[in-house]
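If you want the building blocks of each chain, they are given just below.
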Amino acid sequence: MQQAQYDDSMYGLRMDGSLRQPMGRVKMQSRSHMSNPRGVEGGVSRSRGMGHNHKGTSHHSRQIRVTGKPVSKLGHSVTSHQGNMRGGKGANKRGDPSGEGGRVFAPGNPVEDEVSAGVSIPPETPLSEYKDKLYQLSQEQNGCRYLQQKVDAKGAEACTQILEEVQPRLVQLMMDPFGNYLFQKLLEHVTPVQRMDMLNQVRNHLVQAALNLHGTRSVQKFIEVCGGSNGKRTPDLEQLNVLVECLSPFVTKLSMDTNGNHVVQRCLQHMPVDIVQFVYDAAIKDVLVITRHRHGCCVFQRCIDAANEKQRRALVTQVVNNAIQLMQDPFGNYVVQYVLDNSKKQEADALIMQLLGMLAQLSMQKFSSNVVEKCLLAAPAHVKEPMIKELANPETMRNLLHDQFANYVVQRALQVADDEQGMHLVASIRPHIADLGQFNPSCARRVTSRVIKRFPNLAKDPVFAAFWQNEGAV
């Protein structure tokens, strides 16, 4: 790779700090070992003897580059704009409307001087000093912190001043990495009328914001504040109805989104039960879609937690009716197990009864085998009996013992069975234990250990004794 490099004599500084015209030749030397550590497109060259950023001139654009934009010695893009030559630590790295890299501020702009340089603004500084610059200020870390401090200190007065400038850009503000914190702070301190104005301004973009990494916090704060913040204030039904109108068509989509699912959960936490019914309607309608998704299955479980009796019964019924499909799913099986743990006895029994006739098949699958084990533990005696009878079928026992998942179901059945049921299982296991020992000795030892711990007198049985002794030797 050819790297352009200047002699020290090529560039010099005038007394006013600007650059002289280059004098001398460009040396070309091979630097094949050099790379572009910053990942700048095409890489850049650096001139020797230029350790400072030079303001007040556009001559710096003569710096030789292979491709890409002019850069400073620190490797940052240099904007050719009079009075704005920042490139080092503390520079404003946010995009500007011109698309040239950093935001360009006019010379003497207090936002440029105090915020972009990484300097905190004293809280006592009046907002009037930043008139017409508050939106820019809200998009910088220090500026946003200053504005939040003013809202806390001045309350309604500061809110009014800030809203006058940022109101047309509330949509951008609520999804900005820094601005969303100011948006949330405003929601906590504005009057109900101002909050309604803010809601009307962004209502057509609420779903977009809910799916956004930063915007989701703003939407959650809307729900929290309008819903009464857990009893801190009276719920604003008018504003809640607007939120429901905007969000209700997209509950399923939000429930399955990394950011959006938190908005749905916040609805369950802060909206009155009668108003949040739209979430339950979507969960019941799209139960097989929501429960079989990584985030959706968590939302469905939170629905069960927050539901009243009527809503809870409707959700559980859907799970019971679709239990076979759900328990075979990587995420749906967790919903089935949650219902088993948190439902009434009659509902759990109805769910377990769905498994009868399919136990062997379900026991040999990775996810459903976990559910089968939990059902064996939770089943009452009158349900457990037909389950163990089905598992002890001699025609299917060999396949169960040789399966990497089902053998654990057989061991669990031995653990929970009564004596009569247990001996029925042992009678089905015994003809296959020697064959199992040839193909999977460790599994044979585990099953034998479970049999003998359940029925110690079988330690003298010659079939089980061999594997029991081997297991003891290990």
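Quick caveat: nothing in here was measured; it's all calculated off a predicted structure. (Residues numbered from 1 in each chain as written. Predicted model: local features only at pLDDT ≥ 70, side-chain atom pairs only at ≥ 80, totals over all residues. Heavy atoms only, no water.)

We now examine the overall build of the chain. Of regular secondary structure, the chain possesses 28 helices and 2 strands. Counting over 474 residues, the chain shows a buried share of 47%. Counting only contacts in the chain whose residues sit at least 6 apart along the sequence, the fraction spanning at least 24 positions is 65%. Of the roughly 23,700 Å² that the chain leaves accessible, carbon and sulfur atoms contribute 50%. (Helix = DSSP H or I, 4+ residues; strand = E, 2+ residues; numbered from the N terminus. Buried < 20%, exposed > 50% of the residue type's maximum accessible area, 1.4 Å probe, protein only. Contact = heavy atoms within 4.5 Å. Areas by Shrake-Rupley, 256 points an atom, 1.4 Å probe, with all protein chains shown as cover.)

This part takes up the side chain of Gln 337. Within the element layout of this structure, Gln 337 appears in helix α18 (residues 332-342). Side chain to side chain, Gln 337 and Asn 333 meet in a polar contact 2.9 Å long. Dropping the residues within four chain positions of it, Gln 337 is found in contact with Asn 370, Val 371 and Lys 374. (Polar contact = N/O pair within 3.5 Å; in protein donor to acceptor, adjacent residues only side chain to side chain.)

Moving on, we come to unusual backbone geometry. Of note, Asp 132 is a non-glycine position whose phi angle comes to about 70 degrees, a positive value. Here Asp 132 shows up in the loop between α1 (110-116) and α2 (134-138).

A word on helix α27 (residues 441-454). Three or four residues apart is the spacing at which side chains of an α-helix point the same way, because the helix has 3.6 residues per turn. With 14 residues, α27 should cover 20 Å at 1.5 Å per step; its first-to-last C-alpha distance of 20 Å lies within 8% of that length. Turning to α27, its buried residues number three or more, namely Cys 443, Ala 444, Val 447, Thr 448, Ser 449, Val 451 and Ile 452. (Expected span 1.5 Å × (residues − 1).)

Reading predicted coordinates in detail is not appropriate for stretches of low pLDDT. In the predicted model, the chain carries a mean pLDDT of 81, and 73% of its residues have values of at least 70. Scored below 50 in pLDDT, residues 1-108 makes 169 contacts in the model with residues more than four places away or belonging to other chains. Confidence drops under pLDDT 50 across residues 470-474; counting only partners more than four residues distant or on other chains, this segment forms 3 contacts. (pLDDT = per-residue confidence, 0-100.)

A complete count under the given rule lists 2 aromatic pairs for this structure. When the centroid spacing of 5.7 Å and the interplanar angle of 65 degrees are considered together, the rings of Tyr 130 and Tyr 146 count as edge-to-face. Of the two residues, Tyr 130 is situated in the loop between α1 and α2 and Tyr 146 in helix α3 (residues 141-154); the sequence distance between them amounts to 16 residues. The burial state of Tyr 130 is the same as that of Tyr 146; both residues are buried. With centroids separated by 5.7 Å and ring planes inclined at 70 degrees, the aromatic side chains of Phe 183 and Phe 222 adopt a geometry described as edge-to-face. Placement of Phe 183 in helix α6 (residues 179-189) and of Phe 222 in helix α9 (residues 215-226) is noted, with a sequence separation of 39 residues between them. The burial state of Phe 183 is the same as that of Phe 222; both residues are buried. (Phe/Tyr/Trp six-rings, centres within 6.5 Å; stacked < 30°, edge-to-face > 60°.)

Bringing the pattern of salt bridges into the picture now. One pass over the structure, following the stated rule, counts 16 salt bridges. For the salt bridge of Glu 188 with Lys 221, the shortest nitrogen-to-oxygen distance reads 2.8 Å. One end of the pair, Glu 188, is in helix α6; the other, Lys 221, is in helix α9, and 33 residues separate them in sequence. For Lys 221, a relative accessible area of 10% corresponds to the buried category. Notably, a salt bridge pairs Arg 412 with Glu 373, separated by 3.1 Å at the nearest N-O pair. Taken together, the positions of Arg 412 in helix α24 (residues 406-416) and Glu 373 in helix α21 (residues 366-378) put the pair 39 residues apart, joining distant regions of the chain. (Salt bridge = Lys/Arg side-chain N within 4 Å of Asp/Glu carboxyl O.)

Turning to α6, a few remarks are in order. Where burial is concerned, most of α6 is hidden: 8 out of the 11 residues are buried. Within α6, burial applies to Gly 179, Asn 180, Leu 182, Phe 183, Gln 184, Lys 185, Leu 186 and Leu 187.

Here we come to the environment of Val 202. Within the fold, Val 202 resides in helix α7 (residues 192-202). Leave out the neighbours within four places in its chain, and Val 202 touches Leu 170, Val 171, Met 174 and Phe 222.

Another point: the packing of helix α23 (residues 394-402) against α24. Viewed as axis vectors pointing N to C, α23 and α24 meet at an angle of 110 degrees, and their least axial separation amounts to 6 Å. Classified by the angle their axes make, α23 and α24 are roughly perpendicular. On α24, the residues touching Met 397, Leu 400 and Leu 401 of α23 are Ala 406, Asn 407 and Val 410. When its residues are assigned to classes, the contact of α23 with α24 shows 5 nonpolar, 1 polar and no charged. (Axes fitted to C-alpha atoms, helices over the stretch in contact; angles between N-to-C directions. Parallel < 35°, antiparallel > 145°, perpendicular 65-115°, else oblique. Nonpolar A, V, L, I, M, F, W, Y, C, P; charged D, E, K, R; others polar.)

Quick look at the nonpolar core now. Membership of the largest hydrophobic core comes to 119 residues, with the highest contact counts inside it found for Phe 222 and Met 271. In contact with Met 271, other than residues within four places in its own chain, are Ile 223, Leu 240, Leu 243, Val 244, Arg 266, Val 276 and Phe 278. (Core = buried A, V, L, I, M, F, W, Y, C linked by side-chain atoms within 4.5 Å.)

Locating Met 198 in the fold gives a position in helix α7. For Met 198, a relative accessible area of 0% corresponds to the buried category. Sequence separation between Met 198 and Gln 167 is 31 residues; the distance between their C-alpha atoms is 7.4 Å. Non-local contacts of Met 198, meaning those with residues more than four positions away in its chain, are made with Leu 163, Gln 167, Leu 170, Phe 183, Leu 186, Leu 187, Val 190 and Phe 222.

A few words on the packing of α7 against α9. α9 packs onto α7 with a crossing angle of 145 degrees between their chain directions and a minimal axis gap of 12 Å. Here α7 and α9 pass one another in a crossing that is left-handed. On α9, the residues touching Arg 195, Met 198, Leu 199 and Val 202 of α7 are Phe 222, Val 225 and Cys 226. Its residues assigned to classes, the contact of α7 with α9 shows 6 nonpolar, no polar and 1 charged. (Left-handed = near helix turned anticlockwise from the far one by under 90°.)

The topology assignment puts Gln 220 in helix α9. For Gln 220, the contacting residues outside a window of four places in its chain are His 262, Val 263 and Arg 266.

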